Each structure stands twice: as structure tokens, then as C-alpha cells.
Amino acid sequence: MSNSYILTDNLSVKDGVLFFGGRSTKELAEKYGTPLYLMDEKRIRQNCCEYRDALKEFFGDDSCALYASKAASFVGIYRIISQEGLGADVVSSGEIHTALKAGFPMENAYFQGNNKTDWDIAYAMDNGVGYFVCDNVEEVDAIDKIAAEKGLKQKILLRLTPGIDPHTYDEVCTGKVDSKFGTAIETGQAMEITAHALSKPNIILCGFHCHVGSMVFDSDVFLRSAEIMLQFISDVKNKLGFEAGILDLGGGYGVRYVSSQPVISIRENIKEVAKFIKAKCSELGISRPSIRLEPGRSIVADAGITLYTVGTVKKITDYKNYVSIDGGMTDNPRYALYESKYTVVPADKTDEPATMECDLVGRCCESGDIIQPKVMFPGSVCRGDLVAVLTTGAYNYSMASNYNRIPRPPVVMVNGDEDYIAVKRESLEDLTLNDI
Ligand SMILES: *Cc1c(COP(=O)(O)O)cnc(C)c1O
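Here is a short report on the structure shown in this document. (Residues numbered from 1 in each chain as written. Predicted model: local features only at pLDDT ≥ 70, side-chain atom pairs only at ≥ 80, totals over all residues. Heavy atoms only, no water.)

### Regarding the layout of surface pockets
The space that makes up the second largest pocket amounts to roughly 310 Å³. Taken together, 17 residues make up the lining of the second largest pocket; nearest its centre are N47, G254, V263, I264 and D302. Sorting the residues of the lining of the second largest pocket by element identifies α2 (41-59) and α10 (297-300) as the ones contributing at least two each. A breakdown of the residues in the lining of the second largest pocket according to their chemical character gives seven nonpolar, five polar and five charged. (1 Å grid on protein atoms, 1.4 Å probe; cavity = no way out; pocket = protein on both sides within 12 Å on 5 of 7 lines; lining within 4 Å. Points joined across faces, edges and corners; volume = space filled by probe spheres on them. Helix = DSSP H or I, 4+ residues; strand = E, 2+ residues; numbered from the N terminus. Nonpolar A, V, L, I, M, F, W, Y, C, P; charged D, E, K, R; others polar.)

Right, here's the structure in full:
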């Protein structure tokens, strides 16, 4: 095999075996069993550090990164994130509950989502969530009403759609005018909702938010959305006399799933965005708002891999080869959902030439249960071999299901010489816990 699977410097090989975070995947698979989510705590911290340091250097102390925790949400991750000084985006009462269990400082939590129920709103307020990122007019009204009942004033940002298509995948494109998320600037509705929010006695409008999509490699996307948002902030100042204190530009920086994708420097990107924002603010005569970024994928994706054991190897003469593993779309639905690319490694046979093309498929009763089509494996690959799928730290565990009553794998953290269970493997008993 060529070394095109060394996507990041926390991957290496020794004696034909893939190492992750300096640790043998073979030994970890033997210790914890498969399927197994592995996460590299050091890498998560490094990724946090890159955002934190660049925001501080180029924007100053008033700006900060919020980890979009839907990318990977479990108690241990909120602990790491808060230790690293990041805030967090939460999108449900379940994520709020998980953050609370970790002792996360809830004043640094931002409640996202396009349809928060009254129950969610009350739960978030009762638990001191700092900011609501308010999606639409109904939500402004609901937040104001529930805040009044509780005798508090709730800080909010308004989520706007700047009308940008980041040219990534439709499924993960959220900044266009035609989107279920946010209120459009282009149609005049953003100005209306701003006036409406300012008129509400139990709401404190702190600023504006946008999130244009995911897997963005081109920093131009952030410059264009910043330009539209700053222009809007200036228009609001002129029309309504309100000057936004916070501008949240969302998340979306891309990561490398395959070696043909570029490595992007977060630091250089933030530097460029900061330079642009400073110039634009002085051109518009507004003071620079405090900046928020909301990285999800780029904090955890390359800090994770998944290990599987090979089961059936089916060679259909003159057609195709299938290699089946002991997991599938239940622990990684992303190929089934988006045809996402992944790099697949025969983790205990990396020194053998990869001569056999096959589809890597899961164990679910579903033809679409494909982890990755057309991968190259050594011809000797057989039952019992170890397979690693790389860059699975984001949107794998958090999207996992129990389809076919398959228990979810554990999340095991490696941290230098240490390894520990962050999320236990689900047992068969766990599967029937709520069945009556
Ligand atoms: C999903 C999401 C993010 C994170 O996106 P990534 O591509 O994982 O960085 C940030 N903000 C909002 C509002 C989101 O919905």
C-alpha cells in the first residue's frame, strides 16, 4: 500500500500495523474489541488550541470559538472543550443535559436549531444557557414569553441567511435564502425580525449569527458572508440605531477525509478573515463586533478513527468483491447519507500490496449499508483481519443508531501512553432498557 492514508501526523505504521496517536490499533482492538471508535485527546486539544490562539492573536480577548457539539457529543468531550476555554453550541435538550453532566459552564453555551420547542426553551433557561441563537419570529415570541414567565431577560443572537452557496454538498449547505435555517437578509425579513426582537422586553439582542455550510475549504466563503453580515449590521445601525456587539460566523472549515483534499491552515484563514473584517468595519464606520466561530468537524474529525473486524469476504466472479465488517451504517451513516468519502486502511496488513478492489460494507439488512465503495485491499484479506476507517471523529458516534438492534460501539480515548473508555459499549441489555 502507498502511504496515501497518512492523512495527519497522528497516524503512522510499524511492522505493517497502523498506529493512531502513537498507539497500535491492533493492541487497542484486542483490548477493547471491535467495532471501536478511537479518539485522540491530544489532537482534540491541539485543534481547540489552534482556534483559540488564532482568535486571540487576530481578534483579541473578546472573541472566542464555540465547539459545535453535534459533531461529537458525550460527557468527556464537553470537559475537554471547557478545559481548553472554548464555548459550545448545543442543539437540543439532550446536548444541554450532556454538557450539564460534564459541569460545562452554561453561560458559554449557545442554543442553536430551527425549531426549539417550548419545553426545550424552558429547560435551557432553567439551566442557565447563555445565549439562544434565534432562528425565526415565532421563536423570538416564544423566548420572550417564556422568559417573562420566569422573570428573566434572555440574551439572544439572530440567525440570518446571508444568501451564500458555499459550493459544497446540498445536504450541508445552510446559508442560501431558500433554507430551513435562519431569516433571510435579501427578502427584508432579517431587518423586520431585528426590529421585532428589539421591541421585546424580555429579550436582550446581542448580535447576529450565520452559518453557511460545511466542508468549506475556500476562505472566500467566510469573507463573503462577513461582508454581507457587516453590511447588515451597518444598515441596522442606520435604520434602527442598534449596534450589534457580537457577530457569529458559524462553523464549517473542511477536513481531510482523503489525501486529495487540501490541508487548510486555520490560523492563516482566521488571519485573513480578521484583516478583512477590520478593514470593512472602518469602511462602514461601525465598531468591530466581538467574533464567534463555531467549528465542529475541524475540532474532532481527524481526532477519530473507527476499527472494525472483517467478516465475510465475498468474491462474485466477474462482478465485484465485497468485504463485510462488524459495524456499518449504524455507526457511520455518512456514505449512505451523503456519499461521503473515506480513507480505509487494512490496519494489520499495511505492508502487503493492495491488489483487490472491493466495496467495504456493513452488517445491516440494507443494500445501501456501504462504508465506502471501491477500496483497495490486499488479496489475502480475510475473516479476522483489522480494518480502520479514518477521520471518523465527527458525525459518526453522534449520528449512530440502533438499526437492526445493533449496539453502539464504545468511544475509547488515547492520550499519549494512556487509554480510557469515554463512552461504554452498549450492551444487549441496554437495547431493551426502555421496552415495556
Ligand atoms: C453544524 C453546525 C456547525 C459546525 O459545522 P462544522 O462543519 O462541523 O464545522 C456550526 N454552526 C452551526 C449553526 C451548525 O449547525
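Here the narrative resumes, following the displayed structure.
### Details of the environment of A29
One can find A29 in helix α1 (residues 25-32). What makes A29 buried here is its relative accessible area of 11%. When the C-alpha atoms of A29 and L307 are compared, they prove to be 7.0 Å apart, with 278 residues separating the residues in sequence. What A29 contacts, discounting residues up to four positions off in sequence, is T34, L36, L307 and L386. (Buried < 20%, exposed > 50% of the residue type's maximum accessible area, 1.4 Å probe, protein only. Contact = heavy atoms within 4.5 Å.)

### Examining the sheet that holds strand β3 (residues 23-24)
In space, the three strands of this open sheet follow the order β1-β2-β3, with antiparallel pairing throughout. The sheet is open, and its two edges are formed by β1 (11-14) and β3, each paired on a single side. The pairing of β1 with strand β2 (residues 17-20) spans four bridges and is classified as antiparallel. Its bridge partner being in β2, V13 is matched across the sheet by L18. (Pairing = 2+ DSSP bridges.)

### Focus: the packing of aromatic side chains
All told, the structure shown has eleven aromatic pairs when counted by the stated rule. Between the aromatic rings of Y37 and Y397, the centroid separation amounts to 5.9 Å while the plane-to-plane angle is 85°, which identifies the pairing as edge-to-face. In this pair, Y37 sits in strand β4 (residues 36-40) while Y397 sits in the loop between β19 (386-390) and β20 (411-415), placing the two residues 360 residues apart along the sequence. Look at Y397 and you get partly exposed, because its relative accessible area is 22%. Centroid distance F222 to Y253: 4.4 Å. Interplanar angle 25°. Geometry classified as stacked. On the criterion of sequence distance, the pair formed by F222 in helix α8 (residues 220-240) and Y253 in the loop between β12 (246-248) and α9 (266-284) is long-range, its members being 31 residues apart. Classification of F222 as buried rests on a relative accessible area of 1%. (Phe/Tyr/Trp six-rings, centres within 6.5 Å; stacked < 30°, edge-to-face > 60°.)

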